[in-house]
Amino acid sequence: MKRVLLVSVCAALGFALAGCTGRVSANAAAEAPPKATIEPAPDSNVARVDHPEQFPIAVAGERVSAQDLKATGVVSPDVSRNIPVISLASGRVVDIRARIGDSVAKGQLLMSVQSSDVAQAFSDYQQALADETLARAQFERARLLLDKGAIAQKDVEVAQDAAAKAAVSVQTTGTRLHLLGADADHPSARIDIYAPASGVITEQNVTAAAGVKTLDNSPNLFTISDLSEVWILCDVYENDLRFVRIGEYADVRLSAYPGVVLKGRIGNISPILDPAIRTAKVRLEVPNRGMLRLGMFVSATFHGMDFAKRATVPASAILHLHDRDWVYVPAGGSQFRRVEVAAGNMLPGGLEEVLSGIGPGQQVVENALVLQNTVEQ
């Protein structure tokens, strides 16, 4: 009887719990929020207009050209055309006639130096002259005495040797005067330093009343650069080195002269890459007609050897927005789709090259800016 009673109680509890669970499920379903409906967001690159006929359509043309590489560069002097101005005599500057940035001609006076080295060299030279005069006179006297049998042959040889050594001393001291920049015929402790070549003074390390040291660990007084031909050093990334070849030419454009295009010959490609930015220095050799100045930034265009077909569209069809280039293409009905492209070079006739994004024969809106303004309104 106890077992039957226990089974009955368990069954009753089960039915009660089942009823509670059903009521809880029903209440939860009733209180649950309605299912969310996901609505797709409109495509921001699709524009709809009321009168699409107001926007003329152009067909992209076709142009076969080589892939170009653009790089920036800096104008630098040709190191083989840099000529240092030095002084082998130390002293103090008493007059200076040129300064950095001046154009000078070969033989032009640059500065004057009061030098104790020159004064000592003149003293040595004059003493050597006096010794030579005495030695020559003694040699002539010895020869005369030898003819009369008054002295031996060895005495004449000694006098001849002394005269030869005196002549060597004169030559040595005279050469030293010449190296110091002094004139043996005009004794003076002041020497003039002249320009060894024509060009522009691009470096100056001396001023008026300054001291001039010898060559040991001292900089050049001036540096004269021949700027008739300069270098342009461009940084080319490792992945783009296939576009540059020694001996080929690149187009050089200047910000200061937008309509001028110069030709630069590739003279050297550095065999060492910059480990930080992975670029190699490419050297362009460019004749300078006076427009290129040292330190000026330029842009260089290198022409590759691989030709490809590219689209050409009116320049007004390309919209420059948010540092990117776009064109509008018909999307059916009154809709136009905005497509991102990569714009290339400007071409004659108001055309512009398109490197990627659309192909030849594709339709585009002639004036993308007008369409963009209409959509924004």
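Note: the structure precedes this text.
This section reports on the structure supplied with the text. Per-chain numbering applies: the sequence of each chain, read as written, is numbered from 1 onward. Where totals are concerned, whole chains, interfaces and linings use all residues; where local detail is concerned, this predicted model gives features only for residues with pLDDT of at least 70, and gives and counts side-chain atom pairs only at 80 or more. The side-chain quantities take in all heavy atoms of the structure and omit both hydrogens and water.

Where helix α2 (residues 116–147) meets helix α3 (residues 153–180), the closest approach of the two axes is 8 Å, and the angle between their N-to-C directions is 160°. It follows that α2 is roughly antiparallel to α3 by the angle criterion. You can see that α2 and α3 cross each other, and the crossing is left-handed. Throughout this entry, Asp, Glu, Lys and Arg are counted as charged residues, while Ala, Val, Leu, Ile, Met, Phe, Trp, Tyr, Cys and Pro are counted as nonpolar. The remaining residues, Gly among them, count as polar. Counted by class, the contact of α2 with α3 contains 19 nonpolar, 6 polar and 7 charged residues. Fitted lines through C-alpha atoms serve as axes, helices being fitted only where they are in contact, and the angles separating the N-to-C directions of these axes extend from 0 to 180 degrees. Comment: elements are numbered from the N terminus, with helices defined as DSSP H or I runs of at least four residues and strands as E runs of at least two. What sets the label is the angle itself: under 35 degrees gives roughly parallel, over 145 gives roughly antiparallel, 65 to 115 gives roughly perpendicular, and the rest give oblique. A crossing counts as left-handed when the near helix is turned anticlockwise from the far one by less than a right angle, and as right-handed when that turn is clockwise.

What follows covers α3. Since one α-helical turn is 3.6 residues long, residues separated by three or four positions face the same way. One less than the residue count of a helix, multiplied by 1.5 Å, gives the span that helix is expected to have. Taking 1.5 Å as the rise per residue, α3 with 28 residues should run 40 Å; its terminal C-alpha atoms sit 41 Å apart, in good agreement. Relative accessibility under 20% of the residue-type maximum defines a buried residue, over 50% an exposed one, and the middle range a partly exposed one, all with a 1.4 Å probe and only protein chains included. Among all positions of α3, only Val 156, Ala 159, Ala 163, Ala 166, Val 170, Thr 173, Gly 174, Leu 177 and Leu 180 are buried. Contacts are residue-level and defined by heavy atoms, with any inter-residue pair within 4.5 Å sufficient. In this structure, the buried side of α3 is in contact with α2 and β8 (190–194). Looking one or two residues beyond α3, the residue adopting positive phi is Gly 181, at roughly 95°.

Moving on: the pairing of strand β9 (residues 199–204). Within a regular beta strand, the side chains point alternately toward one face of the sheet and then the other, so they alternate between its two faces. Here a strand pair is declared whenever DSSP counts at least two bridges between the two strands. Across 2 bridges, strand β6 (residues 103–104) lies against β9 in antiparallel orientation. By the bridge assignment, Ser 103 is partnered in β9 with Val 200. As judged from the 4 bridges shared by β9 and strand β11 (residues 222–225), these two strands associate in the antiparallel manner. Note that in β11 the partner of Gln 204 across the bridge is Phe 222.

For the rest of this paragraph, the subject is the packing of aromatic side chains. Aromatic pairs are defined between Phe, Tyr and Trp rings, using the six-membered ring for Trp, whenever the two ring centres lie within 6.5 Å; interplanar angles under 30 degrees are classed as stacked, those over 60 as edge-to-face, and all others as tilted. Enumeration according to the criterion identifies 1 aromatic pair in this entry. An angle of 75° between the planes, with centres 6.3 Å apart, marks the rings of Phe 55 and Phe 336 as edge-to-face. Of the two residues, Phe 55 sits in the loop between β1 (46–48) and β2 (57–59) while Phe 336 sits in strand β19 (residues 335–347), which places them 281 residues apart along the sequence. Relative accessible area serves as the criterion here: at 4%, Phe 336 is assigned to the buried category. Lysine NZ or arginine CZ positioned within 6 Å of the ring centre and within 35 degrees of the ring normal marks a charge as sitting over the ring. Directly above the aromatic system of Trp 231 lies the positively charged group of Arg 283, at a separation of 4.2 Å from the ring centroid.

Okay, the environment of Ala 128 next. By secondary structure assignment, the location of Ala 128 is in helix α2. C-alpha separation for the pair Ala 128 and Val 168, spaced 40 residues apart in sequence, amounts to 8.8 Å. With near-sequence residues (within four places) excluded, Ala 128 lies in contact with Ala 166, Ser 169, Val 170 and Thr 173.

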